[in-house]
Amino acid sequence: MYLGIDIGTSGVKTVLMDETGAVLGSASSALTVERPRPAWSEQDPESWWRAVVGTLDELTSSHSSAMARVEGIGLSGQMHGATLLDEAHRVLRPAILWNDGRSEAECAALDARADFRGIGGNLVMPGFTAPKLEWVARHEPEVFEKTRLVLLPKDYVRLRLTGEAVSDMSDAAGTLWLDVARRDWSDALLAATGLDRSQMPRLAEGSDATGRVKADLAGRWGFAAAPVVAGGAGDNAASACGIGAVRPGEAFISLGTSGVLFVATDRFRPNTQGAVHAFCHALPETWHQMGVILSATDSLNWLARVSGCDVATLEAEASVRFDERHGPSEVVFLPYLSGERTPHNDAGARGSFIGLSHANDRADLALAVLEGVAFAFRDSLDVLSAAGSSVARATAIGGGARSECWLKILAAVLGIPIDVPQHGDFGAAFGAARLGRAAAVGRHDASLFPSPETDFTMEPDAGLAASYREGLGRYRALYPALKEVLR
């Protein structure tokens with residue numbers, strides 16, 4: 001048996017998996033985010049630990065005989081969060097999360113100080129860890145002075161589970177302190193933030209064993225022997241392990257609150273000009289690229305909220321209008337409700353509906369939202385291609401992947417087949433469990449990370465693709481035209 005623990009932003013999820021890959025049980029525990037000031041986003045690391053303990057206690061109660069046979073545990077988690085500890089491993093302040101925007105000014109200072117783009121392979125953005133530490137050094141110098149260890153969220157949980165301070169390559173790549181090509185900490189990038197290797201966890205591959213569960217905890221959860229804990233992965237790399245996107249060229253589209261186009265690569269392929277994320281993958285000698293859309297299904301959630309109906313109604317209305325038109329809506333939507341990551345790297349970008357008339361109704365707006373998010377994914381696909389990746393097909397996951405209309409639009413806009421897996425949980429916790437198994441058996445070959453059976457494939461419609469090429473042109477003309485007006 002194997003466990004996968006995912007420390008998300010809104011909750012912790014733990015799954016129990018057997019050696020065939022079947023999920024026998026799962027447990028979840030909610031988390032809250034504190035926003036003490038505008039643009040701030042923080043969590044108490046102790047809340048992560050309490051949530052993890054709660055889910056493991058629940059699984060022990062419901063699946064005691066299976067828990068006794070757990071041999072490996074994998075961890076995944078929200079990336080970039082700065083968890084600062086003193087020399088006794090006491091938490092010094094609330095963790096600053098991935099969606100915290102307070103360090104925008106510090107980004108420019110760091111960018112001018114060292115080659116973060118060339119070595120770290122990514123733009124210096126407030127979401128990453130290094131600018132957060134620069135902010136702490138400037139605004140909370142007494143905390144910075146006491147900081148002896150900086151951990152990412154899942155790695156704080158590992159410390160509590162095993163006593164070991166370790167991070168995996170995929171999560172560490174999101175700090176901006178990793179030499180992503182060499183898969184090692186960069187002394188130059190650490191020094192630019194006033195830090196050194198002594199304040200960093202040691203590094204491991206996601207499939208490596210990094211320690212064993214402490215004896216008292218193993219007894220609490222009924223493990224017959226203390227399981228090994230794998231290096232694990234950042235949340236998107238873990239999801240890739242769950243969906244089987246571990247070989248170069250394999251890709252997935254995550255249509256969740258935010259949107260991700262993820263492709264595995266055989267080497268480090270940065271494209272900072274297009275705001276591509278270029279990170280290590282969770283498996284050795286493998287990397288990945290991501291295009292990130294900040295408001296995917298969240299755009300539809302927003303429209304549902306302001307229009308006073310539910311998302312299911314909006315999707316149904318959009319589908320009817322799509323069938324009537326069999327082509328783009330005359331309304332264009334920019335999904336930049338929270339700014340945008342790829343390709344603009346513009347926290348100040350704002351969403352818009354363009355082309356409205358008295359003839360338009362809620363269905364037109366809903367269809368425009370589906371199309372606008374699809375166009376944003378096409379922007380990501382193009383900058384990934386510019387970085388040398390070829391995406392021939394992708395697997396769709398996330399809540400938005402249940403909309404057949406949205407899948408038709410995506411396939412036409414992207415020009416690639418989109419595979420929809422049979423019903424199942426292929427998220428980060430499941431991928432983490434697979435990494436836990438890899439650590440327990442001592443190997444990381446692709447057979448441990450199979451792709452799920454495909455329920456159906458949405459092929460791109462040639463006629464629709466031609467119609468959407470014109471719509472894509474209109475969409476792309478709007479951001480530069482509106483950029484200054486909407487500040």
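Reference entry: report on the structure contained in this document. It should be emphasised that the depicted structure is a prediction, and the values quoted were computed from it without experimental measurement.

**Some points on the overall build of the protein**
From N to C terminus, the protein includes 17 helices and 24 strands. Its C-alpha atoms give the protein a radius of gyration of 22 Å, within 12% of the compact-globule value 23 Å for 487 residues. Expressed as lengths along the three principal axes of its C-alpha atoms, the size of the protein is roughly 65 × 50 × 40 Å. A total of 487 residues make up the protein; the buried ones form 59% of that total. About 17900 Å² of surface is accessible on the protein, with carbon and sulfur atoms providing 49% of the total. Treating the 45 positive side-chain charges of the protein as one cloud and the 60 negative ones as another, the clouds have centres 2 Å apart.

**Brief notes about the packing of helix α13 (residues 311-325) against helix α15 (residues 404-414)**
Here α13 crosses α15 at 50°, and the two axes come no closer than 9 Å. By the angle class used here, α13 and α15 are oblique. For the pair formed by α13 and α15, the contact residues are Ala318, Ser319 and Phe322 on the first element and Cys405, Lys408 and Ile409 on the second. Its residues placed into classes, the contact of α13 with α15 shows four nonpolar, one polar and one charged.

**Notes on the pairing of strand β17 (residues 259-265)**
Most of β17 sits inside the fold, with seven of its seven residues counted as buried. Burial along β17 is two-sided: the residues Gly259, Leu261, Val263 and Thr265 and Val260, Phe262 and Ala264 are all buried. Relative to β17, strand β16 (residues 251-255) runs antiparallel, the two sharing five bridges. By the bridge assignment, Ala251 is partnered in β17 with Val263. Following β16, the chain reverses through three residues before pairing antiparallel with β17. Inspection of the sheet shows β17 paired to strand β19 (residues 287-293) by seven bridges, in the antiparallel sense. Counterpart to Ala264 in the pairing with β19 is His288.

**Focus on unusual backbone geometry**
For the peptide bond that leads from Thr342 to Pro343, omega is 5°, which places it in the cis range. Relative to the elements of secondary structure, Pro343 occurs in the loop between β20 (332-334) and β21 (352-354). Phi is positive for His80, close to 75°, though the residue is something other than glycine. Here His80 shows up in the loop between β5 (72-77) and β6 (83-85).

**Details of the layout of surface pockets**
The computed volume of the second largest pocket comes to approximately 230 Å³. If you go around the second largest pocket, you meet 17 residues; those closest to its centre are Ala251, Arg393, Thr395, Asp419 and Ser451. Taken together, the elements giving at least two residues each to the lining of the second largest pocket come down to β22 (394-397) and β23 (418-421). The greatest single-element share of the lining of the second largest pocket, amounting to three residues, is contributed by β23. A class-by-class count of the residues in the lining of the second largest pocket yields eight nonpolar, five polar and four charged.

**A closer look at the sheet that holds β16**
The seven strands are arranged β18-β19-β17-β16-β22-β23-β24 in an open sheet whose pairing can be described as mixed. Two strands in the sheet have a free side with no partner beyond their single neighbour: β18 (277-280) and β24 (454-458). Shown here is a sheet whose adjacent strand axes are inclined to one another by a mean of 25°, direction ignored. By the bridge criterion, four bridges tie β18 to β19 in an arrangement that is antiparallel. Bridge pairing in β19 links Cys280 to Trp287.

**Digging into the nonpolar core**
By size, the foremost hydrophobic cluster in this structure holds 59 residues, and its most contacted members are Ile253, Leu255, Phe377, Ile409, Leu410, Tyr468 and Tyr475. With 14 residues, the single largest contributor to this core is helix α14 (residues 362-386). The residues contacting Ile409, other than those within four sequence positions of it, are Phe322, Leu367, Leu370, Glu371, Ala374 and Tyr468. One finds Leu84, Val143, Ala192 and Ile397 within the second-largest nonpolar core, a separate group that totals 55 residues.

**A closer look at the pattern of salt bridges**
Inspection of every chain in the model, using the stated rule, returns 34 salt bridges. When the shortest N-O distance is used, the salt bridge between Asp187 and Arg197 registers 2.7 Å. Taken together, the residues Asp187 in helix α9 (residues 187-192) and Arg197 in the loop between α9 and β12 (202-204) connect sequence positions 10 residues apart. A relative accessible area of 36% means that Arg197 is categorised as partly exposed.

**What to know about helix α16 (residues 428-441)**
Taking 1.5 Å per residue as the helical rise, α16 with its 14 residues ought to reach 20 Å, and the 20 Å between its terminal C-alpha atoms agrees with that figure. For α16, the tally of buried residues reaches 11 of 14 residues, placing the bulk of the element in the interior. Among the residues making up α16, those that are buried are Ala428, Ala429, Phe430, Gly431, Ala432, Ala433, Arg434, Leu435, Gly436, Ala438 and Ala439. A positive backbone phi angle near 75° is found at Gly442, which sits one or two residues after α16.

**So, the packing of aromatic side chains**
Using the criterion set out here, one finds 12 aromatic pairs in the structure. Ring centres 4.9 Å apart and planes at 15° place the aromatic pair Phe252 and Phe262 in the stacked group. Highlighted residues: Phe252 in strand β16 and Phe262 in strand β17, separated in sequence by 10 residues. By the burial criterion, Phe252 is buried, and Phe262 matches it. Between Phe333 and Phe353, the ring centres sit 4.8 Å apart and the planes meet at 40°, which makes this aromatic pair tilted. Of this pair, Phe333 sits in strand β20 while Phe353 sits in strand β21; the two residues are 20 residues apart in sequence, bridging distant segments of the chain. Positioned above the aromatic ring of Trp40, the side-chain terminus of Arg102 is 3.6 Å from the ring centre. The cationic tip of Arg102 hangs over the ring face of Trp135; the distance from NZ or CZ to the ring centre is 4.6 Å.

**Points about empty space enclosed by the protein**
All told, the structure shown has two cavities of 30 Å³ or more when counted by the stated rule. In this model, the largest cavity occupies a volume close to 70 Å³. Every residue lining the largest cavity is counted, 11 residues in all, and those nearest its centre are Ala349, Arg350, Tyr479, Lys483 and Leu486. Taken as a whole, the second largest cavity spans an internal volume of roughly 50 Å³. Every residue lining the second largest cavity is listed: Val150, Leu151, Leu152, Asp155, Ser167, Ala172, Thr175, Trp177, Trp185, Met200 and Pro201. Considered class by class, the residues forming the lining of the second largest cavity number eight nonpolar, two polar and one charged.

Quick notes on the rules
Residues numbered from 1 in each chain as written. Predicted model: local features only at pLDDT ≥ 70, side-chain atom pairs only at ≥ 80, totals over all residues. Heavy atoms only, no water. Helix = DSSP H or I, 4+ residues; strand = E, 2+ residues; numbered from the N terminus. Rg over C-alpha atoms; globule rule 2.2 N^0.38 Å. Buried < 20%, exposed > 50% of the residue type's maximum accessible area, 1.4 Å probe, protein only. Areas by Shrake-Rupley, 256 points an atom, 1.4 Å probe, with all protein chains shown as cover. Lys, Arg positive; Asp, Glu negative; His and termini not counted. Charge placed at Lys NZ, Arg CZ, Asp CG, Glu CD. Axes fitted to C-alpha atoms, helices over the stretch in contact; angles between N-to-C directions. Parallel < 35°, antiparallel > 145°, perpendicular 65-115°, else oblique. Contact = heavy atoms within 4.5 Å. Nonpolar A, V, L, I, M, F, W, Y, C, P; charged D, E, K, R; others polar. Pairing = 2+ DSSP bridges. 1 Å grid on protein atoms, 1.4 Å probe; cavity = no way out; pocket = protein on both sides within 12 Å on 5 of 7 lines; lining within 4 Å. Points joined across faces, edges and corners; volume = space filled by probe spheres on them. Core = buried A, V, L, I, M, F, W, Y, C linked by side-chain atoms within 4.5 Å. Salt bridge = Lys/Arg side-chain N within 4 Å of Asp/Glu carboxyl O. Expected span 1.5 Å × (residues − 1). Phe/Tyr/Trp six-rings, centres within 6.5 Å; stacked < 30°, edge-to-face > 60°. Lys NZ or Arg CZ within 6 Å of the ring centre and 35° of its normal.

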